[in-house]
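# Coordinate analysis (summary)
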Amino acid sequence: MNKTIATIIAILVMIAIVSPVYSANPQQELDALVSKWTESLIAEDIEGFLSCYWDDAVRLVYFPGQEPTLMDGIEAMRIEEQKGMDEYDFGSMNLIYDEPVRFFPNQGGPTYVYPNSRFAFMDIFEFEKRGGRYRIIRQYLFPHPPAE
């Protein structure tokens, strides 16, 4: 009887150790985060949008012929993004993104390249996991060749 109980306990310990490794699906979590980011942008929900970033995130926006805009930290992003939401009607723009290219390197955090061929730009997201969840730590907005 003691051997059976010890075996059951050993099996339960192994399941507890191994199951988080196999049950965690970073792609699903990151896809949901990028969906929330996109939905919040379209809805012009600044709080939902910013909740996708870590407080110390950095965002760089660059297009040829314009000065690059660097936002360092959540408050700088809030100011710049609110200006964009005031200037553009994201809800009517029909912001449909292409399928992202996903990178899951062995070292460093996951990265998504999220193009929008229709509007000729791409967002590049670098994610960082803290406290068991992912958020955006760095984002780059660059030109992208338009769809033909």
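Only a predicted model underlies this, so the values are computations on that prediction, with no experimental measurement involved.

Rules used throughout
Residues numbered from 1 in each chain as written. Predicted model: local features only at pLDDT ≥ 70, side-chain atom pairs only at ≥ 80, totals over all residues. Heavy atoms only, no water. Pairing = 2+ DSSP bridges. Helix = DSSP H or I, 4+ residues; strand = E, 2+ residues; numbered from the N terminus. Axes fitted to C-alpha atoms, helices over the stretch in contact; angles between N-to-C directions. Contact = heavy atoms within 4.5 Å. Phe/Tyr/Trp six-rings, centres within 6.5 Å; stacked < 30°, edge-to-face > 60°. Buried < 20%, exposed > 50% of the residue type's maximum accessible area, 1.4 Å probe, protein only. 1 Å grid on protein atoms, 1.4 Å probe; cavity = no way out; pocket = protein on both sides within 12 Å on 5 of 7 lines; lining within 4 Å. Points joined across faces, edges and corners; volume = space filled by probe spheres on them. Nonpolar A, V, L, I, M, F, W, Y, C, P; charged D, E, K, R; others polar. Core = buried A, V, L, I, M, F, W, Y, C linked by side-chain atoms within 4.5 Å. Polar contact = N/O pair within 3.5 Å; in protein donor to acceptor, adjacent residues only side chain to side chain.

## Here's the deal with the sheet that holds strand 4 (residues 111-116)
- Spatially, 6 strands are ordered 2-1-6-5-4-3 in an open sheet, and the strand pairing comes out mixed. Single-partner strands in this sheet number two, and they are strand 2 (69-72) and strand 3 (101-103). Averaged over all neighbouring strand pairs, the angle between strand axes comes to 15°, with direction disregarded.
- As defined by bridge partners, strand 1 (residues 53-61) adjoins strand 6 (residues 133-143) across 5 bridges and the pair is classed as parallel. Following the sheet pairing, L60 is matched in strand 6 by Y140.
- The strands that helix 2 (residues 26-43) touches are strand 1, strand 3, strand 4, strand 5 (121-130) and strand 6; relative to strand 6, the one it contacts most, it runs at about 60°.
- Along the sheet, helix 4 (residues 74-87) makes contact with strand 1 and strand 2, crossing strand 1 at roughly 50°.

## Observations concerning the packing of aromatic side chains
- Inspection of the entire model under this criterion finds 12 aromatic pairs.
- Their ring planes at 35° and their centres at 5.4 Å tell us that W37 and F49 sit as a pair that is tilted. Taken as a pair, W37 in helix 2 and F49 in helix 3 (residues 46-50) lie far apart in primary sequence, 12 residues in all. F49 matches W37 in its accessibility class, with the two residues each being buried.

## Some words on the layout of surface pockets
- Approximately 680 Å³ is the volume found for the largest pocket.
- Of all elements in the fold, only helix 2, strand 1, strand 2, helix 4, strand 5 and strand 6 reach the threshold of two or more residues within the lining of the largest pocket.
- Looking at the lining of the largest pocket residue by residue, the class counts come to 15 nonpolar, 4 polar and 7 charged.

## A word on the nonpolar core
- Membership of the largest hydrophobic core comes to 27 residues, with the highest contact counts inside it found for W37, L41, Y53, F125, F127 and I136.
- Of all the secondary structure elements, the ones that give two or more residues to this core are helix 2, helix 3, strand 1, helix 4, strand 4, strand 5 and strand 6.
- No other element matches the 5 residues that helix 2 contributes to this core.
- The contacts of W37, once residues within four sequence positions are left out, are F49, C52, Y53, Y97, D123, F125, I136 and Q139.

## Observations concerning the environment of Y114
- Along the polypeptide, Y114 turns up in strand 4.
- Residue class for Y114 comes out buried when judged on its relative accessible area of 11%.
- Note: C-alpha distance between Y114 and V34 (80 residues apart in sequence) is 9.1 Å.
- Not counting the four nearest positions on each side in its chain, Y114 is found in contact with V34, T38, Y97, D98, P100, M122, D123 and F125.
- At 3.5 Å, the side chain of Y114 and the side chain of T38 are in polar contact.

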